[in-house]
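Here are the chains, one letter per residue:
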Amino acid sequence: MPHPWEPAILLIHGIVAILSMYVLGWVSARHVLRWWPARLRRLSGGLLAALFAVLTSSGFALFFVSDDRLLRFSAAAHDVIGIAITVFAVQHWFFARRRDMRSAASRP
């Protein structure tokens, strides 16, 4: 039996997901295009972008797939990648910030 809050939480999650796609587009246009040519953090940034693509695909699959086995797989993948991408995004931001602080400290 589903929890009584499930519909409201899924609605909020859907709204946040749409806003996240907007932010991802903004980050891609501003951040990625600025730093990619400088070859800074390409591996972690590329992996982060790939994880976002898989997360988005699994989210769409939850709406459009009707096969029970594939639906369960998509749900599990979406849950795991959703948690992993949050941790990975914080890591990507934290290490870039730490690098920026080190370079600022080394300037006279």
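Residues numbered from 1 in each chain as written. Predicted model: local features only at pLDDT ≥ 70, side-chain atom pairs only at ≥ 80, totals over all residues. Heavy atoms only, no water.

## Here's the deal with the nonpolar core
Nonpolar side chains in soluble globular proteins tend to end up buried together.
Next, step 1: Counting six residues, the largest nonpolar core is built from L48, L55, A77, I81, I85 and F88.
Next, step 2: Mapped by element, the contributors of at least two residues to this core are α2 (42-64) and α3 (68-106).
Next, step 3: Looking at this core element by element, the count peaks at four residues for α3.
Next, step 4: For L48, the residues in contact, after removing those within four places along its chain, are I85, F88, A89 and H92. (Core = buried A, V, L, I, M, F, W, Y, C linked by side-chain atoms within 4.5 Å. Buried < 20%, exposed > 50% of the residue type's maximum accessible area, 1.4 Å probe, protein only. Helix = DSSP H or I, 4+ residues; strand = E, 2+ residues; numbered from the N terminus. Contact = heavy atoms within 4.5 Å.)

## Here's the deal with α2
Next, step 1: Look at α2: 33 Å from first C-alpha to last across 23 residues, which is about the 33 Å you get at 1.5 Å a residue.
Next, step 2: The complete set of buried residues in α2 reads S44, L48, L55, S58, G59 and A61. (Expected span 1.5 Å × (residues − 1).)

## Describing the confidence of the model for the chain
Any region with low pLDDT has predicted coordinates that should not be read closely.
Next, step 1: The predicted model of the chain has a mean per-residue pLDDT of 85, with 89% of residues at 70 or higher.
Next, step 2: Model confidence for the chain, summarised as mean pLDDT per element, is weakest for α3 at 82 and strongest for α2 at 88. (pLDDT = per-residue confidence, 0-100.)

## Here's the deal with a nonpolar patch on the surface
Next, step 1: On the surface, F60, L62, F63 and F64 cluster together into a nonpolar patch covering about 510 Å² of accessible area.
Next, step 2: Tracing the sequence through the fold places F64 in helix α2.
Next, step 3: Look at F64 and you get exposed, because its relative accessible area is 66%. (Patch = residues over 30% accessible without salt bridge, like charges linked within 9 Å, V, L, I, M, F, W, Y side chains within 5 Å. Areas by Shrake-Rupley, 256 points an atom, 1.4 Å probe, with all protein chains shown as cover. Salt bridge = Lys/Arg side-chain N within 4 Å of Asp/Glu carboxyl O.)

## Describing the packing of aromatic side chains
Next, step 1: Taken as a whole and assessed by the stated rule, the structure comprises two aromatic pairs.
Next, step 2: Their ring planes at 50 degrees and their centres at 6.5 Å tell us that F63 and F64 sit as a pair that is tilted. In this pair, the class of F63 matches that of F64, namely exposed.
Next, step 3: Joined through ring pairs, the aromatic side chains of F60, F63 and F64 make up one cluster. (Phe/Tyr/Trp six-rings, centres within 6.5 Å; stacked < 30°, edge-to-face > 60°.)

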